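Observations on the three-dimensional arrangement
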Amino acid sequence: MKSETQKSELAGQPDGAGERVAGESLPVCPVCRNTEFRTLFEATDRLYHTTDRKFQIVECKQCRLTRLFPPPGAGELRAHYPDTYWFSPEEETVDRLGEIYRRFVLRDHVSFVCRALESYQTDGLVLDVGCGGGLFLKMLAERGYRVAGLDFSHDAARLAWRGNGVPAVCATLSKAPFAPGSCAAVTMFHVLEHVYDPHSYLAEARALLKPEGCLIVQVPNAACWQLKLLGKRWSGLDVPRHLWNFRPSDLDLLLDRTGFEVVRRKYFSLRDNPAGLATSLAPALDPMARRIRRLGESPRSQLCKNLIYFCLVAACLPFAFLEAACHAGSTIMVEARRKS
Ligand SMILES: [Zn+2]
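So, a few notes on the structure that sits alongside this text. (Residues numbered from 1 in each chain as written. Predicted model: local features only at pLDDT ≥ 70, side-chain atom pairs only at ≥ 80, totals over all residues. Heavy atoms only, no water.)

Here we take up the coordination of the zinc ion. For the zinc ion, the protein coordination sphere consists of C29 (SG), C32 (SG), C60 (SG) and C63 (SG), at 2.2 to 2.3 Å. Of note is the zinc ion, whose four donor atoms meet at the metal with angles of 98 to 120° in an arrangement that counts as tetrahedral. On the primary sequence, the residues serving as donors to the zinc ion are separated as C-x2-C-x27-C-x2-C. (Donors = N, O, S within 2.8 Å, 3.2 Å for Na, K, Ca; no water. Tetrahedral: all angles 85-135°; square planar, octahedral: opposite > 155°, others 65-115°.)

See below:
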């Protein structure tokens, strides 16, 4: 679902620079406007191996927001996004078992959004930014909601239409073909950490919302136990595609400054948290990484690796539940309302 934002034109910053202060080597912090940072550690693309280049993870000296440095320029960033990043071409084929699994693990997302929509009882469109293959929107449509998807990837938008019957357009949020104030909800799952200018991005989402509309955002949680324990091996860093690593407090401040108030938080996602830990521990087993890296595995080897990975994910479940119960889960999903 992430692919809407990745391949550049990110929130109106096509040069990849973000907002810079003259004479400074880093853009300003989008949360506190500070320009001074300290280096925490170095990391590289250990999941998809799109580059050997080392990047730094740096921390704002004032508010402690962490980010990737140097942020890759738009052209370079595009090269770090494989063509089928974050959606599976198999969704278009008849893969009943795969769809049953994907539907099962998406229930956290669907129920979180349904609860938000029910509490406001407002009509209008549900727009999923970075809709990927569109299964999440299909599940909402089955519950009677009017939905639309937005994705930067043409292939993803086509898959949403053809594979899942979901109206989807290939566009960026800044050029989304929807009238201001037309959306009951805007959802963005694992999108905000990819954009150059999250502040502008949230402002654009706000403009699309009805006055009583809600925004649902999910990002990896940089205050999770997994980052403390695993450091640069934590898959939630996803170097060099994740430009920002938000803690819940960073997200709260950013949303506050873009005219939102956080009303609900969830620290667990069945799709993301245990699988993210499994991928951190054994990146070579991650099914999407293996597909994207085109490792040329035999069907037997593929099945074996998938089974081992699945067992590892199941073994990671208790830890993922525990850290989420302590509000330190590896993802955070928030529901925010427009402030008047
Ligand atoms: Zn800061």
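Next comes the rest of the write-up.
This part covers the packing of helix α3 (residues 96-105) against helix α5 (residues 135-142). If you want to describe how two helices pack, look at the angle between their axes and the distance between the axes. Between α3 and α5, whose axes approach to 10 Å, the crossing angle comes to 75°. Judged by the angle between their axes, α3 and α5 are roughly perpendicular. Taking contact as the criterion, the partners of E99, R102 and R103 in α3 are, on α5, L135, K138, M139 and E142. In terms of residue class, the contact of α3 with α5 is made up of two nonpolar, no polar and five charged. (Axes fitted to C-alpha atoms, helices over the stretch in contact; angles between N-to-C directions. Helix = DSSP H or I, 4+ residues; strand = E, 2+ residues; numbered from the N terminus. Parallel < 35°, antiparallel > 145°, perpendicular 65-115°, else oblique. Contact = heavy atoms within 4.5 Å. Nonpolar A, V, L, I, M, F, W, Y, C, P; charged D, E, K, R; others polar.)

Turning our attention to the sheet that holds strand β2 (residues 55-60). Strands sit in the order β1-β2-β3-β9 across an open sheet of four strands; the sheet is antiparallel. Unpaired on one side and paired on the other, β1 (37-43) and β9 (244-245) mark the two borders of the sheet. Pairing between β2 and strand β3 (residues 66-69): four bridges, direction antiparallel. By the bridge assignment for β3, Q56 is matched with F69. (Pairing = 2+ DSSP bridges.)

All right, on to the environment of V31 then. Its place among the elements puts V31 in the loop between α1 (3-6) and β1. Taking C-alpha positions, V31 is 8.2 Å from H199, a pair spaced 168 residues apart along the chain. Setting aside its immediate chain neighbours within four residues, V31 contacts C63, L65, D250, L253, L254 and R257.

In this section: the sheet that holds strand β4 (residues 125-129). Taken together, the seven strands give an open sheet; going across it, the order is β6-β5-β4-β7-β8-β11-β10, and neighbouring strands pair in mixed fashion. Pairing within the sheet leaves two strands with one partner each, and these edge strands are β6 (168-170) and β10 (260-266). With strand direction ignored, the average angle separating the axes of adjacent strands in the sheet is 20°. Pairing of strand β8 (residues 209-220) with strand β11 (residues 331-338) involves seven bridges; the strand directions are antiparallel. Bridge pairing in β11 places C214 opposite R337. Strands in contact with α5 are β4, β5 (147-151) and β7 (183-189); relative to β5, the strand with the most contacts, it is inclined by about 170°. Sitting on the sheet, helix α7 (residues 198-208) is in contact with β4, β7, β8, β10 and β11, with an inclination near 145° to β8.

One turn of the α-helix equals 3.6 residues, which is why residues spaced by three or four share an orientation. Of all the residues in helix α9 (residues 248-257), the buried ones are P248, D250, L251, L254 and L255. Looking straight down α9, one finds its buried side chains confined to an arc of 155°; they lie on one side. Those residues of α9 that are buried lie in contact with α7, β8, β9, β10 and β11. Following α9 by one or two positions, G259 has its phi on the positive side, about 90°. (Buried < 20%, exposed > 50% of the residue type's maximum accessible area, 1.4 Å probe, protein only. Arc of directions from axis to C-beta.)

Turning our eyes to something else, we now look at helix α4 (residues 107-120). If you check α4, its first and last C-alpha atoms are 20 Å apart, about what 14 residues at 1.5 Å a residue would give, namely 20 Å. All of the buried residues along α4 are D108, H109, V110, F112, V113, C114, A116, L117 and Y120. Immediately downstream of α4, the backbone of Q121 shows phi near 45°, a positive value. (Expected span 1.5 Å × (residues − 1).)

The next point concerns unusual backbone geometry. Glycine aside, negative phi is the norm for most residues, and most peptide bonds take the trans geometry. Across the junction of F69 and P70, the peptide omega takes the value -10°, indicating a cis bond. With an omega of 0°, the peptide bond running from V239 to P240 counts as cis. In this structure, P240 sits in the loop between α8 (225-230) and β9. In this structure, H190 is a non-glycine residue whose phi angle is positive, near 55°.

It is the contact of α4 with α5, at a shortest axis distance of 10 Å, that shows an interaxial angle of 50°. On the basis of the axis angle, α4 is oblique to α5. The handedness of the crossing between α4 and α5 comes out as right-handed. Contact residues: α4 offers H109, V110, V113 and C114, while α5 offers F136, M139 and L140. When the residues that make up the contact of α4 with α5 are grouped by side-chain class, the tally is six nonpolar, one polar and no charged. (Left-handed = near helix turned anticlockwise from the far one by under 90°.)

Just distances and angles here, no functional claims.
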